[in-house]
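Residues per chain, in single letters:
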Amino acid sequence: MTTVPLLPNLAGFSVIVIAAVLICVFFARRHGLRAGARFFPAVILIAVFVVITHLPWPGPDWDGCGGRRGRLLLTPFRFINAIGRRISQGAPLDEWVMEITVSATALNLHACLVIGAVLALCVHKWGTAALIGLVMTLLVETSQLTGLFGLAPCAWRNFEVDDLILNAAGVIIGFAIARFAGVRPLTGAKRPHRAGKG
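All figures in this text were calculated on a predicted structure; none of them were measured in a lab. (Residues numbered from 1 in each chain as written. Predicted model: local features only at pLDDT ≥ 70, side-chain atom pairs only at ≥ 80, totals over all residues. Heavy atoms only, no water.)

A. The overall build of the protein, seen in detail. Along the protein, the regular secondary structure elements total 8 helices and 2 strands. Traced from its N-terminal end to its C-terminal end, the protein shows the element sequence α-α-α-β-α-α-α-α-β-α. Counting only residues that meet the buried cut, the protein has 38% of its 198 residues in that class. (Helix = DSSP H or I, 4+ residues; strand = E, 2+ residues; numbered from the N terminus. Buried < 20%, exposed > 50% of the residue type's maximum accessible area, 1.4 Å probe, protein only.)

In structure tokens form, the structure reads like this:
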């Protein structure tokens, strides 16, 4: 039976949390605490997304590796075939949930919609939000394919072009929905004007 190691999971989670905190500190120092704080929710959500997409983290003695190697899955829209198969089979709800391609796609898309909506509080341009979404999911997929860039004992997940497409699209759609709903970037408090010397 495959056992999930506790220490690597805690270590991986801690590293990403620390990275998120350092990024928040960077924005606070660069823009001031109040202006920089508008980036905090997006940074935290992206950190949570990165953690979730890597769980469970493999340990050096984890039998979940089992000689496993990450694969490049470059056929786009594989999830459509999975959905069509379930529809043609008249699958009940529990089978939809257990279909990993469908459930993982739905969860990733919903998470990226939220990230995109929160990015509307941080950035002004659609292109910037799209670039953040693309870079975020590209780093996640590459990390999964390479086993945390060679730091893990094995590559326990695959690089899927569907994830790259849908995650980036989810960020853009979430950003668009927030924009159409009237969400605009938060701004810091304006500095008071100093009275000139008489």
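B. Region of interest: the layout of surface pockets. Reported here for the second largest pocket is a volume of approximately 600 Å³. Around the second largest pocket, the lining comprises 24 residues; the ones closest to its centre are T53, A104, N108, R157 and D163. Among the elements that take part in the lining of the second largest pocket, helix α6 (residues 100-119) stands out by supplying 10 residues, more than any other. Across the lining of the second largest pocket, the residue classes break down as 12 nonpolar, 7 polar and 5 charged. (1 Å grid on protein atoms, 1.4 Å probe; cavity = no way out; pocket = protein on both sides within 12 Å on 5 of 7 lines; lining within 4 Å. Points joined across faces, edges and corners; volume = space filled by probe spheres on them. Nonpolar A, V, L, I, M, F, W, Y, C, P; charged D, E, K, R; others polar.)

C. How the structure looks around helix α7 (residues 126-146). With 21 residues, α7 extends 30 Å between its outermost C-alpha atoms, agreeing within 8% with the 30 Å of an ideal straight helix rising 1.5 Å per residue. Where α7 is concerned, the buried positions are A129, G133, M136, T137, V140, E141, S143 and Q144. Each buried residue of α7 sits inside an arc of 160° when the element is viewed along its axis, so together they form one side. Once α7 ends, the next one or two residues include G147, with phi positive near 65°. (Expected span 1.5 Å × (residues − 1). Arc of directions from axis to C-beta.)

Honestly, that's just the spatial picture; any functional story needs more than this.
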